[in-house]
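Descriptive structure summary
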Amino acid sequence: MIKVLIADNHPIIRMGVRAVLDSANGFEMVDDVSTTEELFQKLQIVTPDVVMLEMDIPEMNGIAALRKIKKDYPNVKVLMYSGQSEDVYALSAIRAGAFGYLSKASDVDYIISAVKKVSEGSMFITNELAQRLAFDEGTKKPRRFFRKLSTREIEVLKLLASGKRNKEVAQGLNLNEKTVSTYKARLMKKLNVDNMVDLLQQAKALELY
């Protein structure tokens, strides 16, 4: 039996996922929780094979919760799911250690196959999302997702990710500092972040360093 714990703050979603897994053979629902506080309290008591973790669960964001699970409960596998933008969030989740990413817009049948695959220690990603993210099924790693970024933006992002300050980036690329600031603002907008910490996290997700 595959033991599953659902972490989502929407009761209807929890009920729906539970109903889908209960209707299939080979699954045991150990519990469902609505916050990260409840999640980590529950993990002290039970040891699920798979945690289905909603990206926008309250209190601690999904990526931070994922990292804490990886650190404190390394044998528990995490399947992230969300209604948020897939292009960036799926990469971030996988790079942070999730065994898969499932969009809330996916077909219900995917829930069963996703949990089974993740429980076996394999990576799960839908075919549609694989095509959009250029996910390499052979190496089980996401390829670089540069389609949104210009060549110059990639150069600026690489230097920022390596720890360079605006002035050093400007000198390295023969630009003025104000131009570098403009590129940084564009990068934040394109990667859907609003601070440098998140920008660098996205750079890591995009395998820039």
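Here's what I pulled together on the structure shown here. The numbering scheme is per chain: residues are counted from 1 as the chain's sequence reads. This being a predicted model, a pLDDT of at least 70 is required before a residue's local features are given, and a value of 80 or more before pairs of side-chain atoms are given or counted; all residues contribute to the totals for chains, interfaces and linings. Each side-chain value is derived from all of the structure's non-hydrogen atoms; neither hydrogens nor water enter the calculation.

Focus on unusual backbone geometry
For E59, which is not a glycine, the phi torsion comes out positive at approximately 85°. Here a helix means four or more residues in a row that DSSP labels H or I, a strand means two or more in a row labelled E, and each is numbered from the N terminus. Here E59 lies in the loop between β3 (50-54) and α3 (62-72). One non-glycine residue, N174, lies in the positive phi region at around 60°. For N174, a relative accessible area of 71% puts it in the exposed group. Exposure categories follow from relative accessible area, calculated using a 1.4 Å probe and restricted to protein chains: below 20% of the type maximum is buried, above 50% is exposed, and the middle band is partly exposed.

Digging into the sheet that holds strand β2 (residues 27-33)
By this definition, two strands are paired if DSSP reports at least two bridges between them. Here 6 strands make up an open sheet; going across it, the order is β2-β1-β3-β4-β5-β6 and the pairing parallel. Either end of the sheet is taken by a strand with one partner, and the two such strands are β2 and β6 (124-125). Relative to strand β5 (residues 100-103), strand β4 (residues 77-82) runs parallel, the two being bridged by 4 bridges. Bridging across to β5, S82 finds its partner in S103. Note on contacts: a residue pair qualifies if any of its non-hydrogen atoms lie within 4.5 Å across the two residues. All axes are obtained by fitting lines to C-alpha atoms, using only the stretch in contact for helices, and the reported angles, taken between N-to-C directions, cover 0 to 180 degrees. Against the sheet, helix α1 (residues 11-22) contacts β1 (2-7), β2, β3 and β4, and its axis sits at roughly 170° relative to β2. Relative to β3, α3 is tilted by about 160°, and along the sheet it contacts β3 and β4.

Some points on the pairing of β2
In this structure, β1 lies alongside β2, joined through 6 bridges in parallel fashion. The residue bridging I2 from the neighbouring strand is F27, located in β2. This β-α-β element, β1 to α1 to β2, shows right-handed connectivity. Seen with the strands pointing away from the viewer, any crossover whose path from the first strand over the helix to the second strand runs clockwise is right-handed.

Observations concerning the pattern of salt bridges
Within this document, salt bridges are pairs made up of a side-chain nitrogen of Lys or Arg and a carboxyl oxygen of Asp or Glu, the two lying within 4 Å of each other. Per the counting criterion, the structure on display carries 8 salt bridges. Here R14 makes a salt bridge to D32, at a shortest N to O gap of 3.0 Å. On the criterion of sequence distance, the pair formed by R14 in helix α1 and D32 in strand β2 is long-range, its members being 18 residues apart. Given a relative accessible area of 23%, D32 falls into the partly exposed group. Between K71 and D72 there is a salt bridge; the shortest N-O distance is 3.7 Å. Residue K71 is classed as exposed on the basis of its relative accessible area of 69%. On the basis of relative accessibility, which here comes to 33%, the residue D72 falls in the partly exposed class. Taken together, the shared-partner salt bridges in this structure form one network comprising D8, E54 and K104.

Brief notes about the packing of aromatic side chains
Each Phe, Tyr or Trp ring, with Trp reduced to its six-membered ring, pairs with another whose centre is within 6.5 Å; inter-plane angles below 30 degrees give stacked pairs, above 60 give edge-to-face pairs, and intermediate values give tilted ones. For the structure shown, the criterion picks out 1 aromatic pair. The rule is short: NZ of Lys or CZ of Arg within 6 Å of the ring centre and within 35 degrees of the ring normal puts a charge over the ring. In this structure, K68 is placed above the aromatic ring of F40, and the distance from its NZ or CZ to the ring centre is 5.2 Å. When the ring centre of F99 is taken as reference, the NZ or CZ atom of K77 above it lies at 6.0 Å.

Let's talk about helix α8 (residues 166-173)
Listed as buried for α8 are N166, V169, A170 and L173. Angular distribution of buried residues about the axis of α8 spans 100°; they occupy a single face of the element. Turned more than 90 degrees away from the buried face of α8 sit K167, Q171 and G172, all of them exposed. Where the residues of α8 are buried, they touch α7 (151-161) and α9 (177-190). Downstream of α8 by one or two residues, N174 has phi in the positive range, about 60°. Starting at the helix axis, one direction is taken to each C-beta atom, and the arc is that of these directions.

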